[in-house]
Amino acid sequence: MKCLALVGVHCLEPLEKLTSVYKATIRCILWYFVLMGVLCSSGPARALEITMNSNHYHTARGSNVKLACSYTHNMTTTQYTEITWSIVSVTEDERHVIWFTDGHLTSDMDKALKGRVRFTSSDPTNGDASIIIKDVRLSDSGSYRCFVKKLPDLDFKSVDLTVMELPSQPQCSAGREFAGSSGMTLRCRSSHDNNPLRYAWTKASGNLVMPPNAVVDPVVGTLRMDKISERDCGIYRCTVKSMVNTNYCDVVLKCPPLSQQHTEVDSPQPLTTSAVSSIAVLVTLSVLGLVAGAAVFFWRRKKTFVVRDDTPDV
C-alpha cells in the first residue's frame, strides 16, 4: 500500500483505488498548497529594518544617556538617506530633536534639548543612528522615536526614557528593639523621590555569617535580630539599590562578653578599682558609725542605772 506523504499533509488513502486522472489531480492540488504555504510563511524580505537594544532606559538626573538605534539595509546603493529623532506624546504634537538628511545635520531642533543631543556616529548612514543626550533633566523623560528612511524604504521604532533623582547617601543606625530585650534592630534609610529602593544587609566583618534568626525588610530597610551573641557582633553593611545606582553604609554592632548574654550598642563600663575602693570605705565607715552609736547608747543606759542605785532611802 502506498501513500503520498508531503510536509504538513496527512497520508491519503491508497492511491491504487483511484484512477490515474484522479492521482494526477490530487498531486497537483497538494503541491499547490505546499508551495503556497512556503511562500506565505516566509513573506517578503524587508529591505530596511531597525533594531534597538532596549525599549526603556532609566538614568539619573545629570548623567549622559545613549538611546541605541541601529538599522540594516540590503540595498547596495541608495540615492537618499534621512534619519530623524523626535519626542512623541499622546497629548502634544511631535517634537523633532535631531535630523540628518543627504549629508546635512540639524541638531538644535528642540529648545529644551538644545546643545545636548548628538549622534554617536560621525556618519549615521553606516547603520548606527544612536544618539546621546547629555546632562539629562527630569523634563527629558518621554517617548523617543527613531525614524530611518532610505528610499524607497523606511522604518521607525520608539524607546522610553525615564530620568530619576539620585537617592541620598544612606544612613545606618542601631538601637534596642525594647527595654530588657536581647534583640537588636539595625536601620538603614535613604531619601528618594520617584526612585524605588531596595535594601539588603550583609555582615562585613568577622565570620561574615548573618545570624540565623536575622530578618531583613527590603522595603523599609531594617535588619531585626531577636537573639544575638558575641559572635554576631561586628560590622554590618546596608546596600541600597535603585534603578540608576547602588550605594551603601556601615554600622558597628558592639557586644559585651558572651557570659552576659545581652547586647547594647554602647555597653555600660564596668566599675573601676577606685570606685570599688570608695564604696568599701563608705561601707566600713557606716558599720563603724553604727557600732559606735550602739556603744554610746548602752553606756549611757548603764550609767543611769548606777545613779539610781546610790540614791538613799527617805
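Up top is the structure these notes are about.
What comes next is a walk through the structure. (Residues numbered from 1 in each chain as written. Predicted model: local features only at pLDDT ≥ 70, side-chain atom pairs only at ≥ 80, totals over all residues. Heavy atoms only, no water.)

## With respect to the pairing of strand E4 (residues 70–73)
Then, number 1: In E4, alternate side chains face the same way, and those of Tyr 71 and His 73 are buried while those of Ser 70 and Thr 72 on the opposite face are not.
Then, number 2: Where strand E1 (residues 48–51) meets E4, four bridges bridge the pair, whose relative direction is antiparallel. Its bridge partner being in E4, Thr 51 is matched across the sheet by Ser 70. (Buried < 20%, exposed > 50% of the residue type's maximum accessible area, 1.4 Å probe, protein only. Helix = DSSP H or I, 4+ residues; strand = E, 2+ residues; numbered from the N terminus. Pairing = 2+ DSSP bridges.)

## Comments concerning the state of the cysteines
Then, number 1: Scanning the model with the defined rule gives three disulfides in all.
Then, number 2: The disulfide bridge from Cys 172 ends at Cys 249, spanning 1.9 Å between sulfur atoms. Residues Cys 172 and Cys 249 share a disulfide whose torsion about the S-S bond is about 75 degrees; that sign makes it right-handed. In this pair, Cys 172 sits in strand E12 (residues 171–176) while Cys 249 sits in strand E18 (residues 246–253), placing the two residues 77 residues apart along the sequence.
Then, number 3: Each sulfur in the disulfide pair Cys 188 and Cys 238 lies 2.2 Å from the other. Between Cys 188 and Cys 238, the disulfide has an S-S torsion of -85 degrees and is therefore left-handed. Highlighted residues: Cys 188 in strand E13 (residues 184–189) and Cys 238 in strand E17 (residues 234–241), separated in sequence by 50 residues. (Disulfide = S-S within 2.5 Å.)

## Things to note about the nonpolar core
Then, number 1: Counting 27 residues, the largest nonpolar core has Leu 67, Trp 85, Val 97, Ile 133, Tyr 144 and Val 148 as its most contacted members.
Then, number 2: Among the secondary structure elements, those contributing two or more residues to this core are E1, strand E3 (65–67), strand E5 (81–88), strand E6 (95–101), strand E8 (117–119), strand E9 (131–133), strand E10 (142–150) and strand E11 (153–164).
Then, number 3: Ignoring sequence-local partners within four residues, the contact set of Ile 133 consists of Ser 63, Asn 64, Val 65, Leu 67, Leu 113, Arg 116, Val 117, Asp 140, Tyr 144 and Leu 161.
Then, number 4: Cys 188, Tyr 199, Tyr 236 and Val 240 belong to the second-largest nonpolar core, a separate cluster that totals 16 residues. (Core = buried A, V, L, I, M, F, W, Y, C linked by side-chain atoms within 4.5 Å. Contact = heavy atoms within 4.5 Å.)

## Quick notes on the sheet that holds strand E14 (residues 198–203)
Then, number 1: Taken in spatial order, the three strands make up an open sheet running E14-E17-E18, and their pairing is antiparallel. Lying at the two open borders of the sheet, with one neighbouring strand each, are E14 and E18. When strand polarity is set aside, the average angle formed by the axes of neighbouring strands in this sheet is 20 degrees.
Then, number 2: Strand direction decides the pairing type here: E14 and E17, joined by six bridges, are antiparallel. Each bridged residue has a counterpart across the sheet, and for Ala 200 the counterpart in E17 is Thr 239. (Axes fitted to C-alpha atoms, helices over the stretch in contact; angles between N-to-C directions.)

## Comments concerning the environment of Asp 123
Then, number 1: On the secondary structure map, Asp 123 appears in the loop between E8 and E9.
Then, number 2: Given the relative accessible area of 34%, Asp 123 is considered partly exposed.
Then, number 3: For Asp 123 and Gly 103, which are 20 residues apart along the polypeptide, the C-alpha to C-alpha distance reads 8.5 Å.
Then, number 4: A polar side-chain atom of Asp 123 sits 2.5 Å from a polar atom in the side chain of Thr 125. (Polar contact = N/O pair within 3.5 Å; in protein donor to acceptor, adjacent residues only side chain to side chain.)

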